Amino acid sequence: MELDFSVVIEYFPRLLTGTWMTIKLVLLSIVLGAIVALPIALARISKNWFISGVPFAFIFFFRGTPLLVQIFLVYYGASQFEAVRESFLWPMLREPFWCAIIAFTLNTSAYTAEIFRGAIQAIPEGEVEACKVMGMTKMQMYHRILLPRAFGIVLPAYGNEIILMLKASALASTITLLDLTGMARTIIARTYTPIEIFLAAGAIYLVISIFVIYIFRLIEKRQNRYLGTLSIKVPDKG
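Residue positions are given per chain, counting from 1 as you read along its sequence in written order. Confidence filtering applies because this is a predicted model: local features only for residues at pLDDT of at least 70, side-chain atom pairs given and counted only at 80 or more, and all residues used for totals across whole chains, interfaces and linings. To get the side-chain values, all heavy atoms of the structure are used, and hydrogens and water are removed first.

1. Here we look at the packing of helix α1 (residues 6–44) against helix α9 (residues 180–191)
Convention adopted: a line fitted to C-alpha atoms gives each axis, helices being fitted over their contacting stretch, and angles between N-to-C directions are expressed from 0 to 180 degrees. Secondary structure elements follow DSSP: runs of H or I no shorter than four residues count as helices, runs of E no shorter than two count as strands, and numbering proceeds from the N terminus. At their nearest, the axes of α1 and α9 sit 7 Å apart, and the two run at 150° to each other. The orientation of α1 with respect to α9, classified from their angle, is roughly antiparallel. For the element pair α1 and α9, the recorded crossing hand is right-handed. The segment α1 lies against α9, with V7, Y11, R14, L15, T17, G18, T19 and T22 engaging L180, M183, A184, I187, R190 and T191. Of the residues contributing to the contact of α1 with α9, the split by class is seven nonpolar, five polar and two charged. Angles below 35 degrees are treated as roughly parallel, those above 145 as roughly antiparallel, those between 65 and 115 as roughly perpendicular, and all remaining angles as oblique. Handedness of a helix crossing follows the sense of rotation of the near helix relative to the far helix, less than a right angle counterclockwise being left-handed and clockwise being right-handed. We call two residues contacting when some pair of their heavy atoms lies within 4.5 Å. Nonpolar residues are Ala, Val, Leu, Ile, Met, Phe, Trp, Tyr, Cys and Pro. Charged residues are Asp, Glu, Lys and Arg, and all others, Gly as well, are polar.

2. Observations concerning α9
By this rule the span expected of a helix is its residue count minus one, scaled by 1.5 Å. When the terminal C-alpha atoms of α9 are compared, their 16 Å separation across 12 residues agrees well with the 16 Å that a helix rising 1.5 Å per residue should span. Here's how the labels work: a residue is buried when its accessible area is under 20% of the maximum for its type, exposed when over 50%, partly exposed in between, all with a 1.4 Å probe on protein chains only. Taken residue by residue, α9 has L180, T181, G182, M183, A184, I187, I188 and T191 as its buried positions. Its buried side turned inward, α9 meets α1 and α10 (194–223). Residue Y192 follows α9 closely and has a positive phi angle near 55°.

3. Description of the UniProt feature "domain: ABC transmembrane type-1" (unreviewed entry) in the protein
Those places that UniProt annotates as "domain: ABC transmembrane type-1" (unreviewed entry) correspond, in this numbering, to residues 19–216. This span, residues 19–216, is 82% helix and 0% strand, and a straight line between its end C-alpha atoms measures 20 Å. UniProt positions are given in the numbering used here, feature names are shortened, and annotations may be inferred rather than shown by experiment.

4. Some words on the pattern of salt bridges
Salt bridges are counted wherever a side-chain nitrogen of Lys or Arg sits within 4 Å of a carboxyl oxygen of Asp or Glu. Applying the stated rule across the entire model yields four salt bridges. A salt bridge links R44 to E114; its shortest N-O distance comes to 3.5 Å. Of this pair, R44 sits in helix α1 while E114 sits in helix α6 (residues 96–121), placing them 70 residues apart in sequence. Judged by relative accessible area, which is 11%, E114 ranks as buried. Among the ionic pairs, R63 bridges to E114, the shortest N-O distance being 3.5 Å. Of this pair, R63 sits in helix α2 (residues 49–64) while E114 sits in helix α6, and the two are 51 residues apart along the sequence. When its relative accessible area of 27% is taken as the criterion, R63 is described as partly exposed.

In C-alpha cells form, the structure reads like this:
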C-alpha cells in the first residue's frame, strides 16, 4: 500500500475551513460554559443543601452521561415538542451549529464548575480568615480576593478542559456539521484516502492543542508570579 499525501495538499484549504468551524465551536462553548459554570460553582459550595443540591444534580447528569447522547437529546429531542417548534427559540434549535453549541456549553459548564469549585476550596483557610478580619463582606471577599486567587489556581486544570473540549468537538460531525472531523470524513468519501486525511486532521488538532498549552502556560506564569501555586484534581471526562 502506498500513501499519497498530495491529496492532503489539494484538500488542505477545505481542512482549514473545517478547522475554523471547530475553533468557533470550541471558543463559543468555552466562553459560554465559563459564564454558566461560575454561579453553579458558587452555589455548589453553599452549605445550604437546597442551594447546592440543584447544581449537584446538574453536574451529576452532564458528567455522568456521554456527550454524544447530550448532543442527540438537544438536536433530535427538542424537535419532538410542539411548544419548542412554535417558540422563538426554534430558529436557533433547528440549526445544528447552535444545537452543538448548547450541548457543548452545558457539558463543559458542568466540568468547569467542578474545576472552579475545587479551586475556590483549595484557597488556604488563612486567606479567607484574613478577609473576614479586615471586615470584608462576602461579596467583597469573592470579588477582591477569592476569585482572583482561584483564577490562578484553576489555570492548569482549565487548560486541560479546553483541550478535552477541543477533542470532543469532533462529535459535532455526527449532526451534519462540517467541523475538522466532518470535513475530513467528507474528503475521505471522495478520495478514499482515510490514512492521509485523518493524519492531516490529527496534526491540525495537535497544533491547536500545543498552542492552547503554550498560551495557558504564559498566563499561568504571569498570574502566579507572586503567588504560591496550588494543585487541584481535574475531573475525569470518562
